[in-house]
Amino acid sequence: FTRLELDDKSRDELVEMGQTFNEMIALLESNYLKQEKFVSDASHELRTPLTVIESYASLLKRRGLEHPELFEESVEAIHSEAIRMKELTEQLLLLARHKDHWNLSLAAVDLEELAEGSARAFRYAYGREVAVSVSPGGVAHGYSDEAKLKQLLFIFLDNARKYSDGEISLTLASAGPECVITIADRGIGIPKAELPKVFDRFYRVDEARGRKQGGAGLGLSLAAEIAEAIGAQLELDSVEGLGTTVKIRIAAAESGGAL
Ligand code: ADP
């Protein structure tokens, strides 16, 4: 048995290797824990609408034939909870799928057409007015992925709808090498202390109210991921009781995509 003699350099290297190894383990563990939390939060969110569906279905099974008056309420609840589960599943799928597989296609996007189309779709789906305005000099085409930008707009319009009653405005402007899309509502707003947290997955400012509105607290975290993937910058300003303004900044097509 010979004792292994290490010179100072080798010893330092060994210590360094040990540290790197520990850091790697810590990183793996934290990712693992994050994944576990994601799965448990997601299951929790899916279980709530499922429980509603299950109880209404069992009520119909037990008493539906003798009590046809139960039909309308039950079918309504089952239908709306099923829609909620479908939306939630779509959001979860998008979050779970790595951005490399999103198949982005960056090109010049006609922002006026996109804004008008989104406002029309929104009016049609929810009966809510979205007032589109374009800054006086017109607006440049943006450089982005059209489908994902549309999805981003929809998330913010949908939040404006859920947390306000009045008009929602969508404004387009060009500012040098960038285009700015602003979505504003005059709704309940977000308390200042909550602002840093609203982009976290599954975070709702008000659990009970958020759930009633049908949100799982995933919209803004999805918006942040989409923005990062398409190179858009997000700015959220909100004053409790006054309303919320979101700015989406993207590169103008003429700037070659550089923001
Ligand atoms: P949710 O699906 O619950 O709306 P989001 O991730 O989109 O989740 O938003 C997180 C929380 O931020 C919401 O639960 C809500 O409390 C708050 N919020 C987001 N947008 C607005 C808005 N336009 N006005 C007021 N509160 C908002």
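Residues numbered from 1 in each chain as written. Predicted model: local features only at pLDDT ≥ 70, side-chain atom pairs only at ≥ 80, totals over all residues. Heavy atoms only, no water.

Novice: I keep staring at unusual backbone geometry and nothing clicks. Help me out?
Specialist: The phi angle of most residues is negative, glycine excepted, and most peptide bonds adopt the trans form. The phi torsion at Asn103 lies on the positive side, around 50 degrees, for a residue other than glycine. For Phe202, which is not glycine, the phi dihedral falls at a positive 65 degrees. You can see Phe202 is positioned in the loop between strand E5 (178-185) and helix H5 (207-212). (Helix = DSSP H or I, 4+ residues; strand = E, 2+ residues; numbered from the N terminus.)

Novice: Can you walk me through helix H1 (residues 8-63) in this structure?
Specialist: Counting along an α-helix, one turn takes 3.6 residues, and residues three or four places apart therefore face a common direction. Across its 56 residues, H1 extends 82 Å between first and last C-alpha, which sits within 8% of the 82 Å expected from 1.5 Å per residue. Taken as a whole, H1 has its buried residues at Phe38, Asp41, Ala42, Glu45, Pro49, Ile53, Leu59 and Leu60. (Expected span 1.5 Å × (residues − 1). Buried < 20%, exposed > 50% of the residue type's maximum accessible area, 1.4 Å probe, protein only.)

Novice: Please explain the environment of Trp102 as it appears in this structure.
Specialist: Among the secondary structure elements, Trp102 is positioned in the loop between helix H2 (70-96) and strand E1 (106-109). According to the relative accessible area criterion, Trp102 is buried, its value standing at 8%. The spatial distance from the C-alpha of Trp102 to the C-alpha of Ile226 is 9.7 Å, given a sequence separation of 124 residues.

Novice: What is the right way to read the site of the ligand from this model?
Specialist: Near the ligand lie 18 residues; those nearest to it are Asn159, Lys162, Tyr163, Asp185 and Leu220. Asp185 is positioned such that a nitrogen or oxygen atom in its side chain is 3.0 Å from a nitrogen atom of the ligand. Put simply, the parts of the chain that give the shell around the ligand at least two residues each are helix H4 (146-162) and helix H6 (219-230). Residue composition of the shell around the ligand, grouped by class: 9 nonpolar, 6 polar and 3 charged. (Near = heavy atom within 4 Å. Polar contact = N/O pair within 3.5 Å; in protein donor to acceptor, adjacent residues only side chain to side chain. Nonpolar A, V, L, I, M, F, W, Y, C, P; charged D, E, K, R; others polar.)

Novice: Looking at this structure, how should I read the side chain of Asp185?
Specialist: Mapped onto the fold, Asp185 is located in strand E5. In terms of polar contacts, Asp185 uses its side chain to reach the backbone amide nitrogen of Gly187, at 2.9 Å. In contact with Asp185, other than residues within four places in its own chain, are Ala160, Ser164, Glu167, Leu242, Gly243 and Thr244. (Contact = heavy atoms within 4.5 Å.)

Novice: Is there a simple way to explain the packing of helix H3 (residues 111-126) against H4 in this structure?
Specialist: The axes of two packed helices give the description: the angle between them and the distance between them. The geometry of H3 relative to H4 is characterised by a closest axis approach of 10 Å and an angle of 45 degrees between their N-to-C directions. Relative to H4, the element H3 is oriented oblique. Remark: the crossing between H3 and H4 carries right-handed chirality. Within the contact between the two elements, H3 uses Leu111, Leu114, Ser118, Ala121, Phe122 and Tyr126 and H4 uses Glu146, Leu149, Lys150, Leu153, Phe154, Leu157, Asp158 and Arg161. Tallied by class, the residues present in the contact of H3 with H4 amount to 9 nonpolar, 1 polar and 4 charged. (Axes fitted to C-alpha atoms, helices over the stretch in contact; angles between N-to-C directions. Parallel < 35°, antiparallel > 145°, perpendicular 65-115°, else oblique. Left-handed = near helix turned anticlockwise from the far one by under 90°.)

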